[in-house]
Amino acid sequence: MTTRILPAVGDADAVRSITTLLGQLPEAEPAGPVGDSTSLIDTLARLATESIDELPEVVLVHERIGPVPALELIREVALRFPAVGVILVTADASPGLYSAAMDSGARGLVGLPISYEELVQRVQAAAAWSVGVRRHLGSGGDVFTGPGGTVVTVSGAKGGVGTTVTAVQLALAARASGRTVALADLDLQSGDVASYLDVQFRRSIVDLSGIQDLSPRVLQDAVYAHESGIGLLLAPGEGERGEEVTDRSVRQIVSALRNRYEVVIVDCGSYMNGANAAAIEMADTTLLVTTPDVVAVRAAKRMVRLWDRLQIRKAEETVTVVNRYVRNTEIQPALVERITSTRVSKVVIPANFKELQALVDAGRMQDLEAKSTVKQALWGLAGELGLVNTSEASQKQGKLRSDRGALGIRRRT
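Residues numbered from 1 in each chain as written. Predicted model: local features only at pLDDT ≥ 70, side-chain atom pairs only at ≥ 80, totals over all residues. Heavy atoms only, no water.

The protein is annotated in an unreviewed UniProt entry as AAA family ATPase of Streptomyces pratisoli.

**Student:** I'd like a rundown of the side chain of serine 204, residues and numbers included.
**Tutor:** Inspection of the secondary structure assignment puts serine 204 in the loop between helix 7 (193–196) and helix 8 (206–209). On the basis of relative accessible area, serine 204 is assigned to the buried category, the value being 7%. Beyond its immediate sequence surroundings of up to four residues, serine 204 is in contact with Ala222, Leu233, Leu234, Ala235 and Pro236. (Helix = DSSP H or I, 4+ residues; strand = E, 2+ residues; numbered from the N terminus. Buried < 20%, exposed > 50% of the residue type's maximum accessible area, 1.4 Å probe, protein only. Contact = heavy atoms within 4.5 Å.)

**Student:** Go over unusual backbone geometry with me, naming the residues and quoting the values.
**Tutor:** Put simply, glycine 66 and proline 67 share a cis peptide bond, and its omega is 0°. Within the secondary structure, proline 67 sits in the loop between strand 3 (58–62) and helix 3 (70–80). Following leucine 112, the chain continues into proline 113 via a peptide bond in cis, with omega recorded as -5°. Considering the arrangement of structural elements, one finds proline 113 in the loop between strand 5 (108–111) and helix 5 (116–137). In this model, arginine 324 sits at a positive phi of 55°, which is unusual for a non-glycine residue. Looking at the element boundaries, arginine 324 is found in the loop between strand 12 (318–322) and helix 13 (333–340). Here arginine 324 falls in the partly exposed class, since its relative accessible area comes to 38%. Phi is positive for serine 341, which is not a glycine, with a value near 65°. Mapping serine 341 onto the fold places it in the loop between helix 13 and strand 13 (343–344).

**Student:** Quick rundown of helix 1 (residues 12–22)? Include the residues and the values.
**Tutor:** Listed as buried for helix 1 are Ala14, Ile18, Leu21 and Leu22. The buried residues of helix 1 all sit within an arc of 95° when viewed along its axis, so they share a single face. (Arc of directions from axis to C-beta.)

**Student:** Lay out the sheet that holds strand 12 with the relevant residues and their values.
**Tutor:** Pairing in this open sheet of eight strands is mixed, and the strands run 8-9-7-10-6-11-12-13 from one edge to the other. Each edge of the open sheet carries a strand with a single partner, namely strand 8 (224–225) and strand 13. One ladder, built from five bridges, connects strand 6 (residues 150–156) with strand 11 (residues 285–290); its direction is parallel. Following the sheet pairing, glycine 156 is matched in strand 11 by valine 289. (Pairing = 2+ DSSP bridges.)

Laid out in structure tokens, this is it:
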């Protein structure tokens, strides 16, 4: 049987040595190496959408892969692609690291410099395990989670631009379309998702931060089942406890949510820290909410540059949403696009806080009327992002029609 092997190696010297050795393995079909964690996950996700049989049996993860640390990357691959055997390649073959690698989901560890005999042994063992898992999954395909759900982060250029309203309405739109949805509040010091949806719940994301292995039962205990059908993972009631949530725990939590829900919306607030930076890095789509005024647009530009310097997200990979838009404003979406170097969404959100004020005060954002222009625009944004089935959403909205369109206000191009 031919064993397909995908190496994930960021170091040039390691690439050459590993590629040479893989080419010598019996009945092996090594693929071209991928150079970072993002490329690895994207490659596996693309293959998984075709069929489980298209996935490689073995993935080699070099210790110096980035930007996601090797053990965190192994954990994510094991969670999202359980039929792939992962092997860690490292210079540290100590019992402590071996144990940590196994806890993360690795099927073996190969020490550096690589021994041919050891590599053969580990690859064959991981491949045999992978084949056995796939045989088992063949009789119950629903066990295989594949690439997982869609993760969308919503960040604010500055405070007060409408980040949480946007996140909540996107989640409600996706749920109304029949998809399973989680809304996580990563505005750890001042998160307001609970207030907008009138929720009182003693558990929060902090309760998951210290857990090494998140089982579905543990995750379920921390998620609040809202009346709208959305699963809520809330920010802590005591803002200082937000420091307990690390980037490592966020990677694990987001991966767990992604494997349980079809759509995961993450409210990242407007203050950057390691926790929400990890979520933004992992997201399939990153939204940056701004208002059409000089201060907010400058803040959006600073945020985009910060993400680029930290190698979290490139400007061209970011979608900017213009909130509180009025037609006669001097700062139009096209200007925002040029200033921030991002892509501005086609749907803009109108300035009509009167529609929201009573519901915001009552904490009943889920009761926003279908005829609301703000709701129509935000649900239109959800459609633009591919989070909803537009026809189903139209039916749930009462098939509204107006000169501005059924689901959103679209800017002229």
